[in-house]
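Residue-level listing of the chains:
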Amino acid sequence: MLLAIDIGNTTIGFAVIQKTSQIVSTVIVDTDAKPGKIKAIIQKILKAHPIDRAVICSVVPKTTRSLEEILKKKLAVSVIGRDIIVPIKNRYKNPKQVGQDRLVGAYGAMRIYGQPLIVVDLGTAITFDVISTQGEYLGGAIVPGIRLSAESLFLKTALLPHIDIKAPRHIVGRTTQESILSGLFYGYGSLCRGFIDLISKQIKAKPKVVMTGGHTLLMKKFVSPKIRIIDEDLVFKGIYFLSNL
């Protein structure tokens, strides 16, 4: 079995994947969790499953190094971007600026759903990644994510409250919390729809649109009908494909 690890700015995802590509189990933990907690999670996973290899996709170098130190005592460990190169033509002016998670998600989506396509990842940042009809990574767009925006409102204003992230009941909020939630969900929903339309016009195609990331299910109805494919495990699947190259 493979242990696929997705290290993001907010969370670390662990997925146990069989050789048949089936995801057996997943565990999510905060990236800033204490090292002892993360080590205990890894030990529990390794005890429960016959894992012989780990592949890491990361945008947090410090966390990558600490996890690799823990894992390499028991497993063969590969890091995407260093040991495994995503086999996709990268059209960024400086290809090294593209986060490995974006490339892995784009590659996984292309392998599963074909191209052209747009991958919308609702994580710490909301990213839009574009794959051409020829299978090239063209680039995309980045905006602050839902939780990041909510935290910014709380930290940078005197009177706006800290809120729990949940879907609003109404477009027109009748409390400050309802108004913030409406702005986040309906606002980002409109933003996503607008970006999808603009990107489609620029590449002169009708791309498939794949949505992934931590707020996928919450945001689905606010982006529809532009989103036809929901795949919360897209990066894990991309890691699996890359592990077999």
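Residues numbered from 1 in each chain as written. Predicted model: local features only at pLDDT ≥ 70, side-chain atom pairs only at ≥ 80, totals over all residues. Heavy atoms only, no water.

Attention now goes to the nonpolar core. By size, the foremost hydrophobic cluster in this structure holds 31 residues, and its most contacted members are Ile80, Val86, Val104 and Ile239. Those elements that provide at least two residues to this core are β1 (2–7), β2 (11–17), β4 (53–58), α3 (100–113), β7 (117–122) and α7 (234–243). Ignoring sequence-local partners within four residues, the contact set of Ile239 consists of Ala4, Ile5, Val55, Cys57, Ile80 and Val104. Counting 26 residues, the second largest nonpolar core, distinct from the first, contains Ala141, Ile165, Phe185 and Val223. (Core = buried A, V, L, I, M, F, W, Y, C linked by side-chain atoms within 4.5 Å. Buried < 20%, exposed > 50% of the residue type's maximum accessible area, 1.4 Å probe, protein only. Helix = DSSP H or I, 4+ residues; strand = E, 2+ residues; numbered from the N terminus. Contact = heavy atoms within 4.5 Å.)

So, on to the sheet that holds strand β9 (residues 136–144). Reading across from one edge, β6-β9-β8-β7-β10-β11 is the order of the 6 strands in this open sheet, with mixed pairing throughout. Each edge of the open sheet carries a strand with a single partner, namely β6 (89–90) and β11 (229–230). As defined by bridge partners, strand β10 (residues 208–212) adjoins β11 across 2 bridges and the pair is classed as parallel. Across the sheet, residue Met211 finds its bridge partner in β11, namely Ile230. (Pairing = 2+ DSSP bridges.)

Relative to the helices and strands, Ser58 is located in strand β4. Judged by its relative accessible area of 14%, Ser58 is buried. One polar contact links the side chain of Ser58 to the main-chain amide nitrogen of Val60, over a distance of 2.9 Å. In this structure Ser58 touches Ile7, Thr64 and Gln100, once residues within four positions along its chain are discounted. (Polar contact = N/O pair within 3.5 Å; in protein donor to acceptor, adjacent residues only side chain to side chain.)

Moving on to the packing of aromatic side chains. Per the counting criterion, the structure on display carries 5 aromatic pairs. When the centroid spacing of 4.9 Å and the interplanar angle of 90 degrees are considered together, the rings of Tyr186 and Phe222 count as edge-to-face. Of this pair, Tyr186 sits in helix α5 (residues 176–203) while Phe222 is found in helix α6 (residues 216–223), placing the two residues 36 residues apart along the sequence. Looking at Tyr186, the relative accessible area reads 27%, which means it is partly exposed. When its relative accessible area of 5% is taken as the criterion, Phe222 is described as buried. Among the aromatic residues, those joined into a ring-pair cluster are Phe185, Tyr186 and Phe222. (Phe/Tyr/Trp six-rings, centres within 6.5 Å; stacked < 30°, edge-to-face > 60°.)

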